[in-house]
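One letter stands for each residue in the lines below.
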Amino acid sequence: MAAGSHSRGQIPHRNGHSASNLLAFGQLAEGFEDLPDDGIAVPLRAGEASLHAFRTVHWSAPNTCDYRRIGLAVRYVAASTGRH
């Protein structure tokens with residue numbers, strides 16, 4: 001995870017494709033084309049998960065096992081939140 005990225009506000013993204021990016025549109029957060037030197041490793045074992053703020057820039061190494069990796073995004077929005 002990129003240290004402090006959650007507090008930088010919305011980071012512009014661009015779409016592109018490469019063999020190492022398996023996201024549907026190849027999304028890439030601008031300014032994070034290379035792994036940052038201050039990245040924080042969060043090692044996970046099979047069956048574990050990480051929870052982080054929506055705007056945290058994060059990435060993972062390629063999946064090298066025979067099982068599919070699953071991602072799930074859950075967002076909490078307070079009932080008092082309105083559209084702007």
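Cut-off values and rules
Residues numbered from 1 in each chain as written. Predicted model: local features only at pLDDT ≥ 70, side-chain atom pairs only at ≥ 80, totals over all residues. Heavy atoms only, no water. Salt bridge = Lys/Arg side-chain N within 4 Å of Asp/Glu carboxyl O. Buried < 20%, exposed > 50% of the residue type's maximum accessible area, 1.4 Å probe, protein only. Helix = DSSP H or I, 4+ residues; strand = E, 2+ residues; numbered from the N terminus. Patch = residues over 30% accessible without salt bridge, like charges linked within 9 Å, V, L, I, M, F, W, Y side chains within 5 Å. Areas by Shrake-Rupley, 256 points an atom, 1.4 Å probe, with all protein chains shown as cover. Contact = heavy atoms within 4.5 Å. Polar contact = N/O pair within 3.5 Å; in protein donor to acceptor, adjacent residues only side chain to side chain.

Enquirer: Kindly report on the pattern of salt bridges, identifying the contributing residues and their values.
Expert: Summed over all chains, the structure comprises one salt bridge. Two residues, E48 and R45, come together in a salt bridge whose shortest N-O distance is 3.4 Å. Under the relative-accessibility criterion, R45 is labelled exposed at 63%.

Enquirer: Help me get a handle on the side chain of T56, residues and values and all.
Expert: Position of T56 among the secondary structure elements: in the segment after strand 2 (28-29). Overall, T56 belongs to the buried group, its relative accessible area being 10%.

Enquirer: Tell me about a nonpolar patch on the surface, and please be specific about residues and values.
Expert: On the surface, I40, V42 and L44 cluster together to form a nonpolar patch covering roughly 250 Å² of accessible area. Mapped onto the fold, I40 is located in the segment after strand 2.

Enquirer: I'd like a rundown of the environment of N63, residues and numbers included.
Expert: Note that N63 resides in the segment after strand 2. Put simply, N63 and A53 are ten residues apart on the chain and 23 Å apart in space, counted from C-alpha to C-alpha. Look past the residues within four positions of N63 in its chain and what remains in contact with it is R68 and R69. In terms of polar contacts, N63 uses its side chain to reach the backbone carbonyl oxygen of Y67, at 2.7 Å.

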